[in-house]
Amino acid sequence: MNAYSDGAYGGGGGGGASIGMYGDTGLTTEAGSDVDAALHKVPLAERRVLFMGLPRSGKTSIIKVVLEDEMAYDTLALLPTQQRTEHQMLAGITVYDFPGIDDYSESPYYIDPEVYVGEHTVVAYVIDSQSDIQSSITTLLSVIRQAQAANYDITINVLINKIDGLSDELKQDIQHDIQQRVLKNMSYD
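Residues numbered from 1 in each chain as written. Predicted model: local features only at pLDDT ≥ 70, side-chain atom pairs only at ≥ 80, totals over all residues. Heavy atoms only, no water.

- In the nomenclature of an unreviewed UniProt entry, the protein corresponds to GTP-binding protein gtr2 from the organism Coemansia nantahalensis.

Now the structure itself:
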């Protein structure tokens, strides 16, 4: 990877690390019904952050804690995101919360790479530290490949969620393990 930086997601809901990959108008990709087909034509905001990851990784919880000032424990019973939702931030940035990606090769986001296009597009990929990290990394690698194929300069940040109760040493070990697996699989080592 071109850069690596530590990041921290405060707010009681999780911890974070950022694997930066240097990196505007993509399209939504929920296809399958007339309503979804109409969504496919709606352009995304020019300045945007795309929250992606496996189902139940904490994407929506992070957004609610950070953008809506909710307490982390209030987000424990959230229903899974079924369709892309958007949240407005200051400075004209729109945060998009995508449904969890179980099998990236069958995901509609894989079919339409336009979602990643634009100089002001950032992917925030969330990994649940208490779940199957290998599946998350496999999906992350697919997201990275697809995003870079559409937009070589895209920035991709990895957030390690649900890490609060762990020791600092274990947090660092998890962060290092994820970083090394990604670097190795992307041939950046």
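After that view of the structure, there is still more to cover.
**Looking at the sheet that holds strand β5 (residues 155-161)**
Point 1. Read from one edge of the open sheet, 5 strands run β2-β3-β1-β4-β5, paired in mixed fashion. Only two strands of the sheet have a single partner each, and these edge strands are β2 (85-88) and β5. The average undirected angle you get between the axes of adjacent strands in this sheet is 25°.
Point 2. Here strand β4 (residues 121-128) runs beside β5; their pairing, made up of 7 bridges, is parallel. Following the sheet pairing, Ile127 is matched in β5 by Ile160. (Pairing = 2+ DSSP bridges. Helix = DSSP H or I, 4+ residues; strand = E, 2+ residues; numbered from the N terminus. Axes fitted to C-alpha atoms, helices over the stretch in contact; angles between N-to-C directions.)

**Overview of the pairing of strand β1 (residues 48-53)**
Point 1. For β1, a buried count of 6 out of 6 residues is recorded, marking the element as mostly surrounded by other parts of the structure.
Point 2. In β1, alternate side chains face the same way, and those of Arg48, Leu50 and Met52 on one face and Val49, Phe51 and Gly53 on the other are all buried.
Point 3. Across 4 bridges, β1 lies against strand β3 (residues 94-97) in parallel orientation. Bridge assignment links Val49 to a residue of β3, and that residue is Val95. (Buried < 20%, exposed > 50% of the residue type's maximum accessible area, 1.4 Å probe, protein only.)

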